[in-house]
Protein chains: 4
Amino acid sequence: MRRHRHRFRVIYGDTDMMGVVYYANYFRYFEAGRGAFFRAAGVDYREIEAAGIIVPVASASAKYYAPAHYDDELTIDVAVTEVGFSRLRFQYEIVRESDATRIATGETAHAFLSRTKGLVRIPDDLRAILKEDNEAS
Amino acid sequence: MRRHRHRFRVIYGDTDMMGVVYYANYFRYFEAGRGAFFRAAGVDYREIEAAGIIVPVASASAKYYAPAHYDDELTIDVAVTEVGFSRLRFQYEIVRESDATRIATGETAHAFLSRTKGLVRIPDDLRAILKEDNEAS
Amino acid sequence: MRRHRHRFRVIYGDTDMMGVVYYANYFRYFEAGRGAFFRAAGVDYREIEAAGIIVPVASASAKYYAPAHYDDELTIDVAVTEVGFSRLRFQYEIVRESDATRIATGETAHAFLSRTKGLVRIPDDLRAILKEDNEAS
Amino acid sequence: MRRHRHRFRVIYGDTDMMGVVYYANYFRYFEAGRGAFFRAAGVDYREIEAAGIIVPVASASAKYYAPAHYDDELTIDVAVTEVGFSRLRFQYEIVRESDATRIATGETAHAFLSRTKGLVRIPDDLRAILKEDNEAS
């Protein structure tokens, strides 16, 4: 299955009064990672939506191992773990490489939905791209 | 001109590592105040958009006088200050009433845009509602 | 176990280009619900932190059943489901009462941590409050 | 005066139901730009705070020229425009280079505050760095 590694920086606005990244913001990081994953795979997510397909999140979860702080450079590793008929599943791991600390892991499940017809089959070309074994880059 | 007073509570996710509300979040508060303003005026903003009109923000500004903290109950006073041909202007003041502290003030300008025709005149019924002198409630 | 019901309104900034509430924002709603829960229980969360205790989120999850839209009035039902030595677990259900639609459910787990001593026992007075069977209000 | 150019990508969570970046999020972009500015200048903002100095925003403003969309790659040009006794002012311009569209401009003013002594003079070494004419990179 395809995977992708993406780097980003924690901004001040991501932190909370505990001095660490606010827990909900990890789901923004997961999404930024998914966006980078699709881009790296040559998939333009905007074209999927332009074709009348939306891919809402059906479920999402995160485990928090260590706090991340302002200005930390983090790496998110995004991996496809399931490509079903209309369902797609991703796994995430966020690491601070400067000290090899695992910050958080997570999972999201997505459904391919036509705005008019309900659940639809994930298109074959996209399916092939998602299932391809590539090297994390 | 119409005005409206709205109360809300600071959540943890609104704060940053300085221990106070992150500066960008005041613009979310301004918008929540505008939403409450429209609702109190009997205007369903979703119907405006359903009619093909969007009302994007043209400019926005804020001055920060004192920090707000987690769980503070704040009051935002929203007032229309200009109703032009297609332009609308709001002013905001956020106060923590428990200790009578002025937290922030701000302003936003908005343009009425048809998705197809560009700038459009603010509808007369809405114009009348916006210009009405009411009591802040 | 204690539970609490809290009402809130979806703001424009909570939505995304799909026209519905962005998935990460539900975790903000969960937190707003927890805040309301503690307030209703007479617990000042700021005092807990002032005493050197932090209560970070250890894990969080959500299931999304139906989309919520701008200006929807939603109700979140927050319930304690576990009060361990230093671990606390909450369950959430978000409903749009206007049409009796279940929007999302979720769970968060929290650890009581002393800034200096690591995991600490949840104080007995707080434990009693959390375990009390009350009526959702 | 010093300036710096920073690139970033619009994520889904930054957009709203109008299909464009939500107006408040530009202030997050401004802050990400400031962070990149300080990093490029060799200033560790966390050390400033560790020394008991905070640099809260005193005022902020933005003008919106054209909408930005999901997955747009944007460039923010951050420039110091004033270095006073304890006051610092930045100007921002956000451009989508793919089609040379100016998206937004803005300004923020900041005050150097000691947590114990109120307004403090901006340290000389930092002052020199801020005033240096460099090339936007």
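Parameters at a glance
Residues numbered from 1 in each chain as written. Chains lettered and ligands numbered in written order. Predicted model: local features only at pLDDT ≥ 70, side-chain atom pairs only at ≥ 80, totals over all residues. Heavy atoms only, no water. Helix = DSSP H or I, 4+ residues; strand = E, 2+ residues; numbered from the N terminus. Contact = heavy atoms within 4.5 Å. Least-squares fit on C-alpha atoms with pLDDT ≥ 70 in both. Pairing = 2+ DSSP bridges. Buried area = accessible area lost by both parts, 1.4 Å probe. Polar contact = N/O pair within 3.5 Å; in protein donor to acceptor, adjacent residues only side chain to side chain. Nonpolar A, V, L, I, M, F, W, Y, C, P; charged D, E, K, R; others polar.

A few words on the side chain of D:Asp14. In this structure, D:Asp14 sits in the loop between strand S1 (3-9) and helix H1 (25-40). In contact with D:Asp14, other than residues within four places in its own chain, are A:Arg28, D:Val20, D:Val21, D:Tyr22, D:Asn25 and D:Tyr29.

It is worth spelling out the relation of the copies chain A and chain C at this point. Note on the copies: chain A fits chain C at an RMSD of 0.0 Å, the axial shift is 0.0 Å, and the rotation between them is 180°. Such values leave the two copies arranged in the relation of a two-fold axis. Residue A:Ser61 of chain A places its C-alpha closer to the rotation axis than any other residue of that unit, at 2.0 Å.

Before going further, it helps to examine the sheet that holds strand S2 (residues 53-54) of chain A. All names here are of chain A. Ordered in space as S2-S7-S8, the 3 strands form an open sheet in which the pairing is antiparallel. Both outer strands of the open sheet, S2 and strand S8 (118-119), are each paired with one neighbouring strand and no more. Pairing of strand S7 (residues 113-114) with S8 involves 2 bridges; the strand directions are antiparallel. Paired with serine 114 across the two strands is glycine 118, which belongs to S8.

Each side of the interface is counted separately: chain A has 25 residues, and chain C has 25 residues. In total, about 1,900 Å² of surface goes out of reach between chain A and chain C, with carbon and sulfur atoms giving 60% of it. For the pair chain A and chain C, the number of links is 10 residue pairs in polar contact (both at pLDDT 80 or more). Counting only elements with at least two residues in the side of chain A that touches chain C, the list comes to helix H1 (25-40), helix H2 (45-50) and strand S3 (57-64) of chain A. In terms of residue count, S3(A) provides more of the side of chain A that touches chain C than any other element does, 8 residues in total. Residue classes in the side of chain A that touches chain C are distributed as 16 nonpolar, 3 polar and 6 charged. Pairing between S3(A) and strand S3 (residues 57-64) of chain C: 5 bridges, direction antiparallel. Bridge pairing links A:Ser61 to C:Ser61 in S3(C).

Read these as layout, nothing more, since geometry by itself doesn't imply function.
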